[in-house]
Amino acid sequence: MSKRILLINPWIHDFAAYDLWAAPLGLLSLGAILRENGYKVSLIDCLNPFHPALDLQSGSKPLTRTPAGRGTFYKEEITKPLALRDFPRKYSRYGIPPSLFENELRRIPRPDAVFVTSIMTYWYPGVFEAIEMVRQVLPRVPIVLGGIYATLCTDHALRHAGTDIVTAGAGEDVLPGVLKELFNDSSSRIPDRDDLDSLPYPAFDLIPHRDQVSIMTSRGCPFRCSYCASALLSGGFRTRNPLRVVDEIAFWNREFGITNFSFYDDALLIDRERRVIPMLEEALQRGLACTFHCPNGLHLREMDASLAGLMFRAGFQTIRFGFETASARRQADTGGKITNEETKTAVTYLREAGYSGKDIGTYILCGLPGQSFSEVLESIDFIRSCGARPVIAEFSPIPGTPIWAEAVNASPYNIQEEPLYHNNTLLPCRGKDFTYEMYRELIRVARKPV
Ligand code: B12
């Protein structure tokens, strides 16, 4: 009898959360591998904006959805955790009401194990709430926790999550050990995590109603920017065959009518001649009428007139770039991925290709240790002067990154002990003279029409 595994994408507890093409991609990838190994896999997606029973909830705002495949989550205000008590913002549980989650847990056939994923480090309370409910409804069913929070804050998870197993790192690496421990299964065939073309397509079919599919064409990143966790999470940079990526896009398009695709790559444009260019040319040639979105920052340095034109023609609608700062010193200190001059030229190419200034969202980090209000303001002004749209990205400190020690020193919060203080909304590493009012002013300036 094949074993049943229940996958859970837990709630988000936060001050704010939007569904910017959010999907539990890592968990769905594992789901596909488990199915290939004969396991019966089901999913409860707490963040599902299309849950059929959601409409029946009274008193909630109707959820908004755009044709591009993003929108709002259902939310309920909840009490702030003690550590965030003094922060003057409302705090909510994003995702389906707990009663619906409980109904789902009772409805599905009893699983032999439950696999829970985790994303932002500071979202762990939503993860714990889901774990507690599983314990109540399904006592004695082993629970395994993995994902980004579990990888970056493993000790914290081991101490507080209350699961039978906590794993750190890529699921493809840990699955053999987990399956052995749970079911004494030593015969599992797990694809090599370095050969991305050998991975099955993520099990998006487990999400019955969806208007977008997330794609990864690579893992990791060749850069080592000081604030970024990519290397800790994904290891070295490795890539898929671009034609196999188009096969995947065509598959979701043909079988499920999906037209919106979001790329989760950390370095989609790197090695462009071998990757993004053939991929988009192939998509055009096959006549795939799809729209592409990249909420995660792209590398502007790779842009030239022909790539900008190709992206525009191929249907790249949402483009975000990682610029971070106009300060030459900080550019060098944080990783040297782009200069101001290169940024200006790249934006010109994008505008000539047909993108308007407001399409070209350009991330500017705000609240880095030692960063002043005027540095952020100058960065906003610079991006505007290039003809692009500044988008403020509030800095979230991440354990193990090169900037971590500096972040610990700069922060008035105990970010080492309490991952809730990694929350970007707190701007937890800004200096004393960088007030929240100043931050609001920066948001106001950044949002002025381009
Ligand atoms: C896509 C993405 C987003 C998406 C949303 C993702 C989502 N699903 O909700 C968007 C664009 C909205 C986003 C926003 C932000 N993000 Co983001 N994002 C990512 C990104 C690029 C990919 C995550 C992903 O899906 N990876 C792909 C899958 C395949 O990997 P995975 O989930 O890790 O799964 C693997 C393993 O973890 C494991 N696994 C997973 N689950 C399980 C479960 C079990 C049981 C087991 C055994 C194993 C296992 O196996 C999987 C396969 O190997 C990561 C960077 C990265 N490389 O991971 C940053 C990252 C998570 N984001 C980060 C940041 C900083 C942010 C922002 C704060 C940026 C900003 N300043 O605005 C915002 C926050 C939004 C908010 N409301 O708070 C940080 C983390 C910060 C933190 N403290 O945790 C990361 C790590 C990037 C970085 N700079 O280092 N993000």
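The rules behind the values
Residues numbered from 1 in each chain as written. Predicted model: local features only at pLDDT ≥ 70, side-chain atom pairs only at ≥ 80, totals over all residues. Heavy atoms only, no water. Salt bridge = Lys/Arg side-chain N within 4 Å of Asp/Glu carboxyl O. Helix = DSSP H or I, 4+ residues; strand = E, 2+ residues; numbered from the N terminus. Buried < 20%, exposed > 50% of the residue type's maximum accessible area, 1.4 Å probe, protein only. Patch = residues over 30% accessible without salt bridge, like charges linked within 9 Å, V, L, I, M, F, W, Y side chains within 5 Å. Areas by Shrake-Rupley, 256 points an atom, 1.4 Å probe, with all protein chains shown as cover. Lys, Arg positive; Asp, Glu negative; His and termini not counted. Charge placed at Lys NZ, Arg CZ, Asp CG, Glu CD. Pairing = 2+ DSSP bridges. Contact = heavy atoms within 4.5 Å. Axes fitted to C-alpha atoms, helices over the stretch in contact; angles between N-to-C directions. Polar contact = N/O pair within 3.5 Å; in protein donor to acceptor, adjacent residues only side chain to side chain. Near = heavy atom within 4 Å. Arc of directions from axis to C-beta. Domains from an automatic or database assignment. Buried area = accessible area lost by both parts, 1.4 Å probe. Right-handed = clockwise from strand over helix to strand, strands pointing away.

(A) The arrangement of the pattern of salt bridges in detail. If you walk through the whole model with that rule in mind, you get 28 salt bridges. With a shortest N-O distance of 2.8 Å, arginine 106 and glutamate 102 are connected by a salt bridge. Here the residue arginine 106 and the residue glutamate 102 both occupy positions in helix H2 (residues 98-107), the gap between them amounting to four residues, near one helical turn. Classification of glutamate 102 as partly exposed rests on a relative accessible area of 26%. The partner of aspartate 333 in a salt bridge is arginine 329, and the shortest N-O contact between them spans 3.9 Å.

(B) Representation of a positive patch on the surface in the model. A cluster of like positive charges, contributed by Lys61, Lys75, Arg89 and Lys90, occupies part of the molecular surface. By secondary structure assignment, the location of arginine 89 is in the loop between strand S6 (75-77) and strand S7 (92-94). Arginine 89 sits in the partly exposed class, given a relative accessible area of 31%.

(C) Summary view of the sheet that holds strand S1 (residues 4-9). Sheet architecture is open: five strands sit in the order S4-S1-S8-S9-S10, paired in parallel fashion. The open sheet has two free edges, formed respectively by strand S4 (40-45) and strand S10 (165-166), since each of these has just one partner strand. Here S1 runs beside strand S8 (residues 113-116); their pairing, made up of four bridges, is parallel. Residue pairing in the sheet places leucine 7 in a bridge with phenylalanine 115 of S8. Each of S1, S4 and S8 touches helix H1 (residues 25-36); the most contacted strand, S1, lies at about 170 degrees to it. Against the sheet, helix H3 (residues 124-137) engages S1, S8 and strand S9 (143-145), with an angle of about 170 degrees to S9.

(D) Just the environment of threonine 345, in detail. Within the secondary structure, threonine 345 is located in helix H12 (residues 340-353). Separated by 159 residues in the primary sequence, threonine 345 and serine 186 place their C-alpha atoms 54 Å from one another. Reaching out from threonine 345, the side chain makes a polar contact with the backbone oxygen of glutamate 341 at a distance of 2.9 Å.

(E) Expanded view of the site of the ligand. Of all residues adjacent to the ligand, which total 40 residues, the nearest are Thr117, Tyr122, Ala229, Asp266 and Glu394. At a separation of 2.9 Å, an oxygen atom of the ligand approaches a polar backbone atom of glycine 171. The side chain of aspartate 266 places a nitrogen or oxygen atom 2.7 Å from a nitrogen atom of the ligand. Those elements that provide at least two residues to the shell around the ligand are H1, S8, helix H6 (171-183), helix H7 (230-234), strand S15 (291-298) and strand S18 (389-394). Considering every element that reaches the shell around the ligand, the biggest residue donor is H6, with three residues.

(F) Spatial organisation of H2. Of the positions making up H2, those classed as buried are Pro98, Leu100, Phe101, Glu104 and Leu105. All buried residues of H2 lie within an arc of 160 degrees about the axis, which places them on one face of the element. Across H2 from its buried face, at more than 90 degrees, point the exposed residues Arg106 and Arg107. For H2, the elements touching its buried residues are S1, S4, S6, S7 and H3.

(G) Inspection of the domain arrangement of the protein at higher detail. Domain annotation for the protein reports domain 1 (4-183) and domain 2 (212-447). Taking the mean C-alpha position of each, domain 1 and domain 2 sit 25 Å from one another. Counting residues at the interface gives 27 residues for domain 1, matched by 30 residues for domain 2. Ranking the residues of domain 1 by area buried against domain 2 places Trp21, Tyr122 and Leu152 at the top, with a combined share of 29%. Summed over the shared surface of domain 1 and domain 2, the number is one salt bridge. Between glutamate 172 and arginine 219 there is a salt bridge whose closest N-O contact spans 3.2 Å. At the junction of domain 1 with domain 2, the criterion picks out 12 residue pairs in polar contact (both at pLDDT 80 or more).

(H) Examining the pairing of S18 more closely. Across the six residues of S18, five count as buried, placing the element largely inside the fold. Here strand S17 (residues 360-366) runs beside S18; their pairing, made up of six bridges, is parallel. In the sheet register, tyrosine 363 faces S18, and the bridge partner there is valine 391. Between the parallel elements S17 and S18, the chain passes through helix H13 (residues 373-386) in a crossover that is right-handed.

(I) Main features of the side chain of glutamine 212. Tracing the backbone shows glutamine 212 in the loop between H6 and strand S11 (213-215). By relative accessible area, which is 6% here, glutamine 212 ends up buried. Side-chain polar atoms of glutamine 212 contact the side chain of serine 214, separated by 3.1 Å. A distance of 2.7 Å separates a polar atom in the side chain of glutamine 212 from a polar atom in the side chain of serine 262. Apart from residues no more than four positions distant in its own chain, glutamine 212 is found in contact with Trp21, Ala22, Ala23, Gly69, Ile258, Asn260, Phe261 and Ser262.

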